[in-house]
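The residues making up each chain are set out below.
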Amino acid sequence: MTQTDGYLLDNRQTEAGKRFDAFATLFDPTTFRHIERFGIGSGWRCWEVGAGGTSVVSWLAKKVGPTGRVVATDIDTSWAASAARPPVEIRVHDVGAEEPPGEGFDLVHARLVLVHVPDRERALRSMVKSLRPGGRLLIEDADPALQPLLCPDEHGPEQQLANRLRNGFRKLLAERGADLSYGRKLPRLLREAGLREVEADAYFPVTSTACADLESATIRQIRDQLVTAGLATDGDIDRHLANVASGSMDLATAPMISAWGRK
């Protein structure tokens, strides 16, 4: 991620670890499936942008082996620090403001990063620049505007409250510069950046335990901002958290759009 005073979901809050765990459960299978198709193997050089937690970094390390290299970067590396052993190198880095941490990478990957970066164009140029000829770029970002509801089946007051709070969350994100329709733009942006063989797909779960875990952690993390902005009351949030904990609602995520191409 990039460092801004207004970043809504920073890694320093305790809920960040629970969010990383939920993201891993929800989206690692899709991420790993795409990277496997690229033919990742021993000796590959990889840059994991905005690493956050350790799940993708640790998986990449196993794939590239002792002869490979995995550079994992973030503005706050505290959650990824436990993975800092060969072939993994952890660096504090702002992808939207600094030069890439090397060149000649076989793979560059970023998930749920660029949607939050103020200078997304510079960040994308940096990632493309860091690739070797023939190297692969995989960008995965949400598109909340494409499917804005937490409860697509809004059939009762609990679901209506959930969707109202999700709307408040989206409003806070937009006020802090997030592009809520960024995911759908990725194929075009990768082509405009000069990549070849560009493809994309989308995935979002409609209900799962991990969706509920993610929602609880997210709402707890942004609770104060929702209340301060007048988007919810403490009573609203307490009711919603109790509804989520009951397991009676089908909670969805925004679509995760994965786009990839070759330099």
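Residues numbered from 1 in each chain as written. Predicted model: local features only at pLDDT ≥ 70, side-chain atom pairs only at ≥ 80, totals over all residues. Heavy atoms only, no water.

A.B. asks: For this particular structure, what's the right way to read the sheet that holds strand β1 (residues 45–49)?
C.D. replies: Each strand in a sheet pairs with its neighbour through backbone hydrogen bonds, running either in the same direction (parallel) or in the opposite one (antiparallel). Strand order in the open sheet made by the seven strands is β3-β2-β1-β4-β5-β7-β6, with mixed pairing throughout. The outermost strands of the open sheet, each flanked by one partner alone, are β3 (88–92) and β6 (196–203). Adjacent strand axes in the sheet meet at a mean angle of 15° when their direction is disregarded. Where helix α2 (residues 55–64) meets the sheet, its contacts fall on β1, β2 (69–74), β3 and β4 (105–111), and the angle it forms with β2 comes to roughly 165°. Running over the sheet, helix α3 (residues 120–130) touches β1, β4 and β5 (131–142) and is turned about 145° from β5. (Pairing = 2+ DSSP bridges. Helix = DSSP H or I, 4+ residues; strand = E, 2+ residues; numbered from the N terminus. Axes fitted to C-alpha atoms, helices over the stretch in contact; angles between N-to-C directions. Contact = heavy atoms within 4.5 Å.)

A.B. asks: What is the right way to read the state of the cysteines from this model?
C.D. replies: Disulfides are covalent bonds that connect the sulfur atoms of two cysteines. Per the counting criterion, the structure on display carries zero disulfides. As a non-bridged cysteine, Cys-211 has Cys-151 as the owner of its nearest cysteine sulfur, 10 Å distant. (Disulfide = S-S within 2.5 Å.)

A.B. asks: Sorry, what's going on with the packing of helix α1 (residues 15–37) against α2 here?
C.D. replies: Helix-helix packing is characterised by the crossing angle of the two axes and by the distance between the axes. Closest axis-to-axis distance for the α1/α2 pair is 10 Å, and the angle between their directions is 30°. As judged from the angle between their axes, α1 and α2 are roughly parallel. Seen from above, α1 lies across α2 with right-handed handedness. On α2, the residues that touch Ala-24, Asp-28, Phe-32, Ile-35 and Glu-36 of α1 are Ser-55, Val-56, Trp-59, Leu-60 and Lys-63. The class makeup of the residues in the contact of α1 with α2 is six nonpolar, one polar and three charged. (Parallel < 35°, antiparallel > 145°, perpendicular 65-115°, else oblique. Left-handed = near helix turned anticlockwise from the far one by under 90°. Nonpolar A, V, L, I, M, F, W, Y, C, P; charged D, E, K, R; others polar.)

A.B. asks: Which parts of the structure should I look at to understand the environment of Thr-73?
C.D. replies: Residue placement: Thr-73 occurs in strand β2. Overall, the relative accessible area of 2% leaves Thr-73 in the buried class. Setting aside anything within four residues of it in sequence, one finds Thr-73 in contact with Trp-47, Glu-48, Val-49, Gly-50, Ala-51, Arg-91, His-93 and Pro-101. (Buried < 20%, exposed > 50% of the residue type's maximum accessible area, 1.4 Å probe, protein only.)

A.B. asks: I would appreciate a short explanation of the pairing of β5 in the present structure.
C.D. replies: Two faces, one strand: in a regular strand the side chains alternate between the faces of the sheet. Counting buried positions along β5 yields 10 of 12 residues, so the element is predominantly enclosed. Pairing analysis gives six bridges linking β4 to β5, with the strands arranged parallel. By the bridge assignment for β5, Val-108 is matched with Leu-137. As a crossover connection, the stretch from β4 through α3 into β5 is right-handed. Sheet topology places β5 next to strand β7 (residues 256–262); seven bridges connect them, and they run antiparallel. Paired with Arg-136 across the two strands is Arg-262, which belongs to β7. (Right-handed = clockwise from strand over helix to strand, strands pointing away.)

A.B. asks: So what exactly am I meant to see when it comes to the packing of helix α4 (residues 157–175) against helix α7 (residues 234–246) here?
C.D. replies: At a minimum axis distance of 10 Å, the contact between α4 and α7 shows a crossing angle of 120°. Classified by the angle between their axes, α4 and α7 sit oblique to one another. Crossing handedness for the pair α4 and α7: left-handed. The residues of α7 that touch α4, namely those facing Glu-158, Leu-161, Ala-162, Arg-164 and Leu-165, are Asp-236, Arg-239, His-240 and Asn-243. In terms of residue class, the contact of α4 with α7 is made up of three nonpolar, two polar and four charged.

Read these as geometric descriptors, not functional statements.
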